[in-house]
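# Breakdown of the fold
Here are the chains, one letter per residue:
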Amino acid sequence: MADAIALLASSRRHGNTGTLTDRIALDLGIEVIDLAALRISAYDYQHRNRGDDFEPLMRRVLEHPQVILATPVYWYSVSPAMKTFLDRISDLLELPDLLAEGRRLRGKNAYLVCTSVCEQPDAHFLGAWRETLGYLGMRLVEVAHLNCREGLLLRELAPAAAAFAARVRAAGLQLAAAPGP
Ligand SMILES: Cc1cc2nc3c(=O)[nH]c(=O)nc-3n(C[C@H](O)[C@H](O)[C@H](O)COP(=O)(O)O)c2cc1C
C-alpha cells in the first residue's frame, strides 16, 4: 500500500489544482480521491447524514500515514468541497463511536497542494490550514502552490510536482524509520 493518499477538492476535476495533484500523484504512484464527486453532505449537528460517503472515505484515509489535501484558493479560503470535508471531520471529534478514529489523525503528515492567481497563497488561507491541522494534531510538512494567473504553465508543473513528490517521499521514509509511540 502506498503511504500517502491525495484528497482533491476543486469545483472542476481537471482544472489547475486537479492537474497539479494528478501530476504529484503520478510521481508518487498514489491514489487521488475527488471529494467533489463523493456524496458528502454538510455538517449536521444532529448527524443525520451518517449514511453518506464520509465515514467510508475516512476509513480509507486513516490507513495512510501521509495525507495530501488539494484545493484552489477561492475567496481567500478553500473550495466548497474541501470546506464540507473539513467541517465533517468534526464528526470524528463528537460522535462517541468515532472518537478513536479521530485520534488516529494525530501524528499524520499533512501536505497542502493549492493554486491561486497570486504569487503566494493568501496568508489567511495558510493560517487557517495551520490552525486546523494543528488542532487535529497533524503536522503540516509542505505546501505546493502554483500561481495560475496565466493559467497552469506546463513548464512549471513538472518541476513543482517532482520537487513536492520528492519531499513527500523523504518525509514518508523518515516517518517509517521513526520509533513507534
Ligand atoms: C470562485 C473563485 C474564487 C477565487 N478566489 C481567489 C482568491 O481569493 N485568490 C486568488 O488568488 N485566486 C482566486 N481565484 C482563482 C483561483 O484560485 C485559480 O484560478 C485556481 O488556479 C483555480 O483552480 P481550479 O482550476 O482547481 O478551480 C478564485 C477563483 C474562483 C473560481
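Please refer to the structure higher up on the page.
In what follows, the accompanying structure is described. Just so we're clear, the structure is a prediction, and the values are computed from it rather than from any experiment.

Each value, and the rule that gives it
Residues numbered from 1 in each chain as written. Predicted model: local features only at pLDDT ≥ 70, side-chain atom pairs only at ≥ 80, totals over all residues. Heavy atoms only, no water. Buried < 20%, exposed > 50% of the residue type's maximum accessible area, 1.4 Å probe, protein only. Helix = DSSP H or I, 4+ residues; strand = E, 2+ residues; numbered from the N terminus. Arc of directions from axis to C-beta. Contact = heavy atoms within 4.5 Å. Salt bridge = Lys/Arg side-chain N within 4 Å of Asp/Glu carboxyl O. Phe/Tyr/Trp six-rings, centres within 6.5 Å; stacked < 30°, edge-to-face > 60°. Near = heavy atom within 4 Å. Polar contact = N/O pair within 3.5 Å; in protein donor to acceptor, adjacent residues only side chain to side chain. Areas by Shrake-Rupley, 256 points an atom, 1.4 Å probe, with all protein chains shown as cover. Nonpolar A, V, L, I, M, F, W, Y, C, P; charged D, E, K, R; others polar.

### Some details on helix 2 (residues 54-61)
Taken residue by residue, helix 2 has F54, E55, L57, M58 and V61 as its buried positions. In an axial view of helix 2, the angular spread of the buried residues amounts to 155°, which keeps them on one side of the axis. On its buried face, helix 2 sits against strand 1 (4-8), strand 2 (32-34), strand 3 (66-72) and helix 3 (80-94).

### A look at the pattern of salt bridges
Enumeration over the complete set of coordinates arrives at 11 salt bridges. Notably, a salt bridge pairs K83 with D87, separated by 2.7 Å at the nearest N-O pair. In this pair, K83 and D87 are both assigned in helix 3, four residues apart and thus about one turn of the helix distant. Judged by its relative accessible area of 42%, K83 is partly exposed. D87 gets classed as partly exposed once you look at its relative accessible area, which sits at 28%. For E142, the salt bridge is made with R167, and the minimal N-O distance between the two is 2.7 Å. Remark: R167 occurs in helix 6 (residues 154-177) and E142 occurs in strand 5 (residues 139-147); sequence separation between them is 25 residues. Residue class for R167 comes out partly exposed when judged on its relative accessible area of 38%.

### Here we look at the packing of aromatic side chains
Inspection of the entire model under this criterion finds four aromatic pairs. Note on W75 and Y76: the rings are 6.4 Å apart at their centroids and 55° apart in plane angle, and the pair reads as tilted. On the basis of relative accessibility, which here comes to 76%, the residue W75 falls in the exposed class. Ring centres 5.9 Å apart and planes at 85° place the aromatic pair Y111 and F164 in the edge-to-face group. Residue Y111 is located in strand 4 (residues 109-116), and its partner F164 is located in helix 6; the two are separated by 53 residues in the primary sequence. A single burial state applies to Y111 and to F164, both of which are buried.

### Considerations on the site of the ligand
Neighbouring the ligand are 15 residues; R12, T17, V73, Y74 and T115 lie closest to it. Take W75: an N or O atom from its main chain is 2.7 Å from a nitrogen atom of the ligand. Taking 640 Å² as the accessible area of the ligand by itself, protein coverage stands at 75%. Elements with a minimum of two residues in the shell around the ligand: helix 1 (16-28) and strand 4. When the residues that make up the shell around the ligand are grouped by side-chain class, the tally is eight nonpolar, six polar and one charged.

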